[in-house]
Amino acid sequence: MSSTPIPYGRQSISPADIQAVVDVLNSDWLTQGPTVERFERTVADYCGAAHAVAVNSATSALHIACLAAGLGPGDILWTSPNTFVASANCGLYCGATVDFVDIDPRTYNMSVERLEEKLERAAREGKLPKVVIPVHFAGQSCDMEAIARLAERYGFIVIEDASHAIGGRYKDEPVGNCRHSTMTVFSFHPVKIITTGEGGMVLTNSAELHERLLRLRSHGITRDPALMKGESHGPWYYEQIELGFNYRMTDIQAALGVSQMTRLEEFVERRHHLAKRYNEALAPLPLTLPWQQPDTHSAFHLYVIRLSLDRIGQNRRHVFETLRERGILVNLHYIPVHTQPYYWAQGFKDGDFPAAEAYYREALSLPLYAGLSAEDQDRVIAAVQEAIQ
Ligand SMILES: *Cc1c(COP(=O)(O)O)cnc(C)c1O
């Protein structure tokens, strides 16, 4: 039996990926240039969105998406508590107030019922959100039609955090087409579906938001005379017309991204194949396996099991540690964001979002990535069977 540790997620890099990066290293452009544009076009076309803006992380993408949406001090942003902290922090970066909507106990995505209740209450109290960020947890799309209907009724902007979900589908269309949202964000961190080392992207169908996102990515600077406040001093002239950042992606990263895009569907298919193998092998155990909403085709970033603790003799920590000792590097997605100490100061406390907290007590993410071999997966399965006895 091999003892090489099995991570919960990892990149899959081919010789063609390496060659694509080497080609850029031998070219004139290393910083943001023609390859970034090609990567943006490739992803936008794949998803069926009009525009894409590549940046150095999904965290940066969320930040500039919120700014482009006009989020600022005095505004409110809502997201799911079952997410990475970045989905909420982007609101705080903008000086807005952050609040959460509890999750659906089957999909672990933001619950549309809880969202509707909370909106009704917020409308009465005059505390409606300006931006709502649904997170496509584990790669499975949220119920975007229902969320878009509520956005219409209550007048908020929807930014999809699709960090887990490139290559996934909703109602037979690609996640990222922004049919039911204003913007969609992807992450290209190595544990996600495709990678650029670090990287992220914002997609949108709005030409106006596209322009704004490009500017925010690069210091708030424009070279468009139509947007300038003053007289041009000459051909070198540019103006900073708002406060932006250096959130640019390099052509080196984008080359990897373009090359990875050619295998996106293969990656997602492989993830589904492995998920099905887990489903079959783990079905007899006292676990809840990932439920799939029939309208969605998940990108399967994560394979999360829930331990039926009342039927298992062990606690979750014991199961986690036993698996880790055997080199199965299970993980946990996510510690509910509102229970983070930084968020205590925002007024949150344990018990605020009971479905997310109940989920967290029982959840465990098993290794899942395109390069996971059947033999290694069988090692994971055998170790899970043993650990929960
Ligand atoms: C990974 C992740 C992010 C942040 O992505 P980075 O590219 O690492 O900044 C944001 N939201 C979710 C849901 C994520 O999983």
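The protein chain carries the name UDP-4-amino-4, 6-dideoxy-N-acetyl-beta-L-altrosamine transaminase in an unreviewed UniProt entry, which gives Geobacter hydrogenophilus as its organism. If you open the UniProt record of the protein chain and go to Sequence similarities (unreviewed entry), you find "Belongs to the DegT/DnrJ/EryC1 family."

Enquirer: Now, about the pairing of strand 8 (residues 183-187): what can you tell me, with residues and values included?
Expert: The buried fraction of strand 8 is high, at five of five residues. Burial along strand 8 is two-sided: the face carrying M183, V185 and S187 and the face carrying T184 and F186 are both buried. Judged from the three bridges that link them, strand 5 (residues 157-161) and strand 8 form a sheet pairing that is parallel. By the bridge assignment for strand 8, D161 is matched with V185. Sheet topology places strand 8 next to strand 9 (residues 200-204); five bridges connect them, and they run antiparallel. Its bridge partner lying in strand 9, S187 is registered against G200.

Enquirer: Got a sec to walk through the site of the ligand? Specific residues and values, please.
Expert: The environment of the ligand is made up of 15 residues, and the closest members are T59, D161, H164, S187 and K192. A58 places a polar main-chain atom, nitrogen or oxygen, 2.9 Å from an oxygen atom of the ligand. With respect to the ligand, the side chain of Y334 contributes an N or O atom lying 3.2 Å from an oxygen atom. In the complex, 93% of the free accessible area of the ligand, which totals 380 Å², lies under the protein chains. Comparing atom positions with the cavity grids shows the ligand to sit within the second largest pocket.

Enquirer: Could you give an account of the sheet that holds strand 12 (residues 287-288), naming the residues involved and the relevant values?
Expert: Taken in spatial order, the three strands make up an open sheet running 12-14-15, and their pairing is antiparallel. Two strands in the sheet have a free side with no partner beyond their single neighbour: strand 12 and strand 15 (363-366). Relative to strand 14 (residues 303-307), strand 12 runs antiparallel, the two being bridged by two bridges. Across the sheet, residue L287 finds its bridge partner in strand 14, namely L307. Strand contacts of helix 9 (residues 264-282): strand 12, strand 14 and strand 15, with the helix running at about 20 degrees to strand 14, the strand carrying the most contacts. Each of strand 14 and strand 15 touches helix 12 (residues 354-362); the most contacted strand, strand 14, lies at about 90 degrees to it.

Enquirer: Account for the domain arrangement of the protein chain, with residues named and values stated.
Expert: As assigned here, the protein chain comprises domain 1 (6-261) and domain 2 (264-388). Centre-to-centre separation of domain 1 and domain 2, based on C-alpha positions: 25 Å. Taken together, the contact pairs 46 residues of domain 1 with 47 residues of domain 2. When domain 1 packs against domain 2, the two sides together hide about 4100 Å² of surface, and 63% of this comes from carbon and sulfur. We note a salt bridge from K171 to D295, for which the minimum N-O separation is 3.7 Å. At the junction of domain 1 with domain 2, the criterion picks out 25 residue pairs in polar contact (both at pLDDT 80 or more). Of all the elements in the fold, those that place two or more residues in the side of domain 1 that touches domain 2 are helix 4 (86-93), strand 3 (97-100), strand 6 (169-170) and helix 8 (251-261). Its residues assigned to classes, the side of domain 1 that touches domain 2 shows 24 nonpolar, 13 polar and nine charged.

Enquirer: Hey, could you go over the layout of surface pockets for me, with residue numbers and the actual values?
Expert: If you add up the space inside the largest pocket, you get close to 500 Å³. Along the walls of the largest pocket sit 21 residues, with Q32, L214, R215, R217 and S218 positioned nearest its centre. For the lining of the largest pocket, the secondary structure elements donating two or more residues are helix 2 (34-47), strand 1 (51-55), helix 7 (207-217) and strand 10 (221-222). Considering only residue class, the lining of the largest pocket consists of six nonpolar, seven polar and eight charged. Taken together, 26 residues line the second largest pocket, and the ones lying closest to its centre are F84, S187, H189, K192 and Y334. At the level of elements, helix 3 (58-68) and helix 4 are the ones that each hand at least two residues to the lining of the second largest pocket. Sorting elements by how many residues they give to the lining of the second largest pocket places helix 3 first, with three residues. Class assignment for the residues of the lining of the second largest pocket results in 10 nonpolar, 13 polar and three charged. Counting contributing residues per domain, the lining of the second largest pocket is built from domain 1 (6-261) and domain 2 (264-388), each supplying no fewer than three.

Rules used throughout
Sequence positions are assigned chain by chain, starting from 1 and proceeding in written order. Restriction of local features to residues with pLDDT of at least 70 applies here, the model being predicted, together with a cutoff of 80 or more for giving and counting side-chain atom pairs; totals for whole chains, interfaces and linings are based on all residues. Excluding hydrogens and water, the side-chain values take into account all heavy atoms of the structure. UniProt positions are given in the numbering used here, feature names are shortened, and annotations may be inferred rather than shown by experiment. Only protein chains enter the accessibility calculation, which uses a 1.4 Å probe; a residue whose area is less than 20% of its type maximum is buried, one above 50% is exposed, and one in between is partly exposed. Numbering of helices and strands runs from the N terminus; a helix is a DSSP stretch of H or I covering at least four residues, while a strand is a stretch of E covering at least two. By the convention used here, strands pair only if DSSP detects at least 2 bridges between them. Consider each residue's heavy atoms; a residue with any of them within 4 Å of a molecule or strand counts as near. Pairing of N or O atoms within 3.5 Å defines a polar contact, subject to two protein rules: one partner must be a possible hydrogen donor and the other a possible acceptor, and residues neighboring in sequence count only if both atoms are side-chain atoms. The protein chains shown are the only cover counted for residues, whose accessible areas, like all others here, come from Shrake-Rupley with a 1.4 Å probe. The way it works is a 1 Å grid over only the protein atoms, where trapped points that fit a 1.4 Å probe form a cavity and open points with protein on both sides within 12 Å along at least five of seven lines form a pocket, and then any residue with an atom within 4 Å of a point lines it. To be counted as sitting in a cavity or pocket, a molecule needs more than half of its atoms within 2 Å of that site's grid points. The contact definition used throughout considers only heavy atoms, calling two residues in contact when any of these lie within 4.5 Å. What counts as an axis is a line fitted to C-alpha atoms, over the stretch in contact for a helix, and the angles between N-to-C directions run from 0 to 180 degrees. Domain boundaries shown here were taken from an automatic or database domain assignment. A simple way to read buried area is as the amount of 1.4 Å-probe accessible surface that goes missing from two parts once joined, with both sides added. Every case where a carboxyl oxygen of Asp or Glu lies within 4 Å of a side-chain nitrogen of Lys or Arg is listed as a salt bridge. By the convention adopted, Pro, Cys, Tyr, Trp, Phe, Met, Ile, Leu, Val and Ala count as nonpolar, Lys, Arg, Asp and Glu as charged, and the other residues, Gly among them, as polar. Grid points are joined across faces, edges and corners, and a volume is the space filled by probe spheres set on the points.

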